[in-house]
Every structure is written in structure tokens, then in C-alpha cells.
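Listed below are the residues making up each chain.
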Amino acid sequence: MQNALPYFYGDKMNDKSKYLSSAFLLLSSSVIVKIIGAVYKIPLTAFIGAVGRGYFASAYNLYLPLHAVIMGAFPVALSKLTGKYNALNDTEKLSALKKGASRLMVKVGIVGMAVMLIFAKPYCDLIAASPQSIYTVLVLAPSILFSAMAASYRGFYEGFMNMRPTAVSQTLEALFKMVFGLAFARLTMAYLIALYNSTGLVLGTAVQTQKEALSLIYPITSAAAMGGVTFGSLVSLIYVAVYDRINRGILPRCGRVPSNKMESDLLSFSFPIMMSVAIQSVFQFLDTATAQYALGTVNPSVLMSYYRESVRLAGAQQSDIVTYVYGLMSTALDFKNLIPGITMALGVCAVPAVSAAAEGDNKERLSALINDIYKYTVLLSVLGGVLLALNSRKVLDIFYASSSPDIPIGCEKLVAAFSLTVPIYCLAGSAVFCVQAVGKAQKSIAPYIVSGAVRSFLNILLVKDEKYLLFGAVISGAVGYLIMAVWNILIVKRCTKTKFSLKNVFIKPTVIALILYFVISNLTKFVEIYENPLINLLIDFTICIVLFCMLCFLFKSLKFDDIFCAFKTKKNARNTCN
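Parameters and conventions
- Residues numbered from 1 in each chain as written.
- Predicted model: local features only at pLDDT ≥ 70, side-chain atom pairs only at ≥ 80, totals over all residues.
- Heavy atoms only, no water.
- Helix = DSSP H or I, 4+ residues; strand = E, 2+ residues; numbered from the N terminus.
- Buried < 20%, exposed > 50% of the residue type's maximum accessible area, 1.4 Å probe, protein only.
- Contact = heavy atoms within 4.5 Å.
- Areas by Shrake-Rupley, 256 points an atom, 1.4 Å probe, with all protein chains shown as cover.
- Phe/Tyr/Trp six-rings, centres within 6.5 Å; stacked < 30°, edge-to-face > 60°.
- Expected span 1.5 Å × (residues − 1).
- Salt bridge = Lys/Arg side-chain N within 4 Å of Asp/Glu carboxyl O.
- Axes fitted to C-alpha atoms, helices over the stretch in contact; angles between N-to-C directions.
- Parallel < 35°, antiparallel > 145°, perpendicular 65-115°, else oblique.
- Left-handed = near helix turned anticlockwise from the far one by under 90°.
- Nonpolar A, V, L, I, M, F, W, Y, C, P; charged D, E, K, R; others polar.

Peer 1: Requested: an account of the overall build of the chain, with residues and values cited.
Peer 2: Within the chain one finds 20 helices and two strands. In the chain, which comprises 578 residues, the proportion classed as buried is 56%. For the chain, contacts bridging at least 24 residues in sequence account for 83% of all contacts bridging at least 6. Carbon and sulfur atoms make up 65% of the accessible area of the chain, which totals about 24700 Å².

In C-alpha cells:
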């Protein structure tokens, strides 16, 4: 039978091979995106400071829930439906689905952008306690529309296990965000500083000292930097649209199947996923908002005293201390989120792979695939978590020692603490994707609610406690996401009647993590042989990765076939696509 599109992988590739091949491509692009993002934040922080990062983070707190609903619900549903109709060789429904999805995502994007604009001022004034953040929110709002439109293309091709549009578009988005965000921020900062030096005014307001001037300039430069984010999302949209124009395959024009019918089907299919993601996003928003709120209740003199060395180096004023400390937390979260952001590729690729395997009657094969997804997620996050925890000060020094020396001092212990908890976040993410893949997204709603409520409660309880402060957010996050991970794993196990390998997913990776942490923490003390911190860091990373691989093969958590499978399957995929 003729395949519907040239991206369909034939039967010669098993579920695990297709999964690893797609995951390898998306993981590679995710690593590139994270590297670009990390490099981007070094000069960005130099331009806008930790206070400016606080404005940046406040805007993202409003943006991320909306973005998560769009990018987390609709592409997943679209990829499932695309895979279904492709398997049936129903090109007319595929064509109608594609057209209906494009139209639906424009509507969704407009609604999301409107919501962000409407709630910008109430959020900045009442929740973030940072009215100046409104500039960054307004500049960021159009990217909701661009992201939604791009999602209609990404989700469609992901349904064929073709991750190229997603991989390339997200890389382009990160690259253009970095280049133009830095350019906009630098030009704006240079202009406003020059204006202050020549007139003593900042946007018409007279100021007495440079600190006062910077307090007025940071909100504007943060908004200018955010312009790069919006421009990057537009470039991403343009790429996937051009890619689609070139690679339309043999899809006919909409015929007997009306596109509005497929639009309705997609919306109804997306609804349970959208609800679960929306609830998760609401609680993620509450997670950061409660931490920010709790910080606002702490006596400013306590924060000034606790972070006195970093505050002294940054020159932050007491009136900006809450925003400054929240900026430190935002910086620490950037590093913590590096690893879940990379392992999310394993979850994205799990959706079509698990969906296809679930259609069959071979429960043993399905169990093996699901357990492999969990195992790879935990192993990869263990390696990243240990690397970052043991080298948090080195990494922070490399990124910020010259431009913002206050940040390594203020964030070192916080980054290390967050890093040790990342396997919990990563496993929870992959478990949720597996629940969505088996068509039970609505069952994730309860775990989201309970986990979010626990995190919000613990934030309010612990972050305002002078004994914990920001470390209270580390505890609350770990507890909340552990609940989410275990609960969703049980949902998948119960719904698919598959077996769960506690030994391969939990026990072996935990033992590997403990051995790795103990050995590396003692061994790296004797390998500081170069004055260049980057060289020492690369040596530490190399030693850690080599030891990690040895331990994985020793405990039989990895096989050589797993390593080479992705490379082998690329050739097979091309041979079976025609």
C-alpha cells in the first residue's frame, strides 16, 4: 500500500527504533537550544542586571501558562490524529485535518494574546508587585499568536514521527531570540545611559544618581530584550510555513471531508489534554507566584542581610530587593530547567511511539517501550543533575563572574540544590506524556491539582521562613513533582495493564547517581590543573560522563544497541519512506 506521506516510517523499524531515532534528533536540537539560551543570558544579564531579569521572569510567569496550553495540548492531539489517519491511508482526512488545525490555531493564538494583554496590568500590579513589568508583558504578547500558528505545523509533522520541523524551528527561534534580543537590549541601554549622562533625565524624569537612573532604565531595556523573543517566534513560524510549502507530499485538496468538521474533531480531542495542561499551567503559575508573594512578605532588611554580599556587588537598592532576589531565583531556575527542557524531547517523541504501540495487542512490547522511556529519562536527568550540582559554582562563574559577579555568590547553593531534584521533574514530565499518549489525559487532572496545591502551600509556608527563603521552593517543587510522577506512572500502569520495572527505572539509576556523586565529588578535587575554569569544567564533565557510561553498562542499564540504534534507524527510515 502506498504510504500517505513520505515521512511515514515503515514496518521495518520497530517502536523502540523509531522512538530513539526521533528522540535523538529532538534531543540534539534541544541541547543546542539550551546552549544558545545559556550563552544568551550572560550578556543579557550584563545589560539588564538581576533586577531586569526579575522583570523578564515576571512577564514569563504570565506567558508560560498560556504558551503551555497551546504547545502542550494541541500539537499532542494533532500528532495523535495525524498518526491515526496516516495509518488508515486517509489522505482526504489528513488534508482536512491540516487545514482545520491551521484555522483553529489562529483563533487560539488570538484568544491567548488577548488574554495576556487584558491581564497584564492586574498581574503586574497585584501579583508580581512589579508595575514596571508591564512593558515586557506587552512586548511578549504577540509571540503567543506566532507560537500557536507554528504549533499547527509542528504537531502535524510530529504525527509522522518527523521531528525535523520542530527541531529546526526551535533552534532558529532560540538563535534569533539571542541575536536580536541582545541587540535590542544593548542599543536601548546605550541610548538611555547616554541620554542620562547628557541631560540627567531618563524618559523625561529627573534623577540624582546612576542607581536611580538604572532603576528606571531596567524595565525599558528588559522590554527591548523581550522584543527578541517575539521576533524569534515569528522567524520560527516563517520557517515551518516555508517547510510545509516545500514538503506537502501527496495530500489532495479538501474534498468530501470538510475542514470545519476536522477542526471540531481536533478541538474535542484536544479538550481533555487542554484541561489537564491548563490546570498544570495554572498551578505552575501559582507555584512561582506564591514564591514571589512569599518573598514579598519577608522583611526587606532580612533579604538584604542574607544576600548582603551579592546585593553589595549588584548595587541593588532596598526598594528593589524583592525583585532582585526573585531575579536570583529566576537565574537558578534557568539552570535547573536546562535538564528537564532537554529530556522533554523524550516525552514529545513518546506520544506517537506509545500511541502506535498501544494500538496492538502485544502488552510486553508496550511495557518494554514505556519502561525504556522512563529509564532513559531518569538516566539522562541523573547525569545532568549530578554534573550541575557538583559544578554549580564553576558554571555560574563561567557565565557571570565577569559581567555579574553577584550572581554566582547568590545562586551557587540554590542551583546545586535544584540540580539534585531534577530527575523528579524529568520523570514526571515523561509520565504525563505517556498518559496523554494512551488517550487518558483527563486522568492527569487530579495529580496536577494535588501536586500544585502542595507546592503552593509549601511555598507560602517555607519561602517566607527566614530559615529557608528560596530553598523552600526547592523543597516544595521536589515534593509536588514526586507526587505527580508516581501518580501518573500508576495511571499508565493501570490503563495499559503493563508491568512497571521498579529496578530499571528507580533502583539502578539511584545507585548509579549515588556512586557517581560520591566518586566525582572526591575525584575532581585532584584534577584542578589549569587556571582556566572552562578547561577544568570540561575535564570534570568528561570524567563524569565516562564514569556514568561505565556504570550504566556495568549495571546493564544501557546496551550498545541503544547507543547506535538512532544512527542505524535513520538509514532504515529513508529506505522505508518511499
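Peer 1: Pulling in residues and values, what's your account of the packing of aromatic side chains?
Peer 2: Applying the stated criterion across every chain yields a total of 14 aromatic pairs. Judged by centre distance (5.6 Å) and plane angle (75°), the ring pair of Tyr60 and Tyr63 falls under edge-to-face. Of this pair, Tyr60 and Tyr63 both sit in helix H1 (residues 15-87), separated by three residues, roughly a single helical turn. The exposure classification of Tyr60 matches that of Tyr63, with both residues buried. Seen from their ring centres, Tyr425 and Tyr481 are 4.5 Å apart, and the 35° between their planes marks the pair as tilted. One end of the pair, Tyr425, is in helix H15 (residues 422-437); the other, Tyr481, is in helix H17 (residues 471-496), with 56 residues separating them in the sequence.

Peer 1: Provide a residue-level description of helix H12 (residues 363-390), including the pertinent values.
Peer 2: Three- or four-residue spacings in an α-helix give side chains the same orientation, since the helix completes a turn every 3.6 residues. Across its 28 residues, H12 extends 40 Å between first and last C-alpha, which sits within 8% of the 40 Å expected from 1.5 Å per residue. Burial runs high along H12: 22 of the 28 residues are buried.

Peer 1: Which residues make up the pattern of salt bridges, and what values do they have?
Peer 2: One pass over the structure, following the stated rule, counts nine salt bridges. Note that Asp372 is salt-bridged to Lys375, the shortest N-O span being 3.7 Å. Placement of both Asp372 and Lys375 in helix H12 is noted, with a separation of three residues, approximately one turn of the helix. Note on Asp372: relative accessible area 14%, which makes it buried.

Peer 1: Run through the packing of helix H10 (residues 321-336) against helix H14 (residues 406-419), naming residues and quoting values.
Peer 2: The N-to-C vectors of H10 and H14 enclose an angle of 50°; their axes lie 9 Å apart at closest approach. Taken together, the axis directions place H10 and H14 in an arrangement best described as oblique. The handedness of the crossing between H10 and H14 is right-handed. Here Tyr324, Leu328, Met329, Thr331, Ala332, Leu333, Phe335 and Lys336 of H10 come into contact with H14, specifically with Asp406, Ile407, Gly410, Cys411, Leu414, Val415 and Phe418. Residues belonging to the contact of H10 with H14 are distributed by class as follows: eleven nonpolar, two polar and two charged.

Peer 1: So what's going on with the environment of Ser147? Which residues, and what values?
Peer 2: With respect to the helices, strands and loops of the structure, Ser147 is situated in helix H4 (residues 142-158). Separated by 83 residues in the primary sequence, Ser147 and Thr230 have C-alpha atoms spaced 9.3 Å apart. With near-sequence residues (within four places) excluded, Ser147 lies in contact with Tyr63, His67, Met71 and Ser233.

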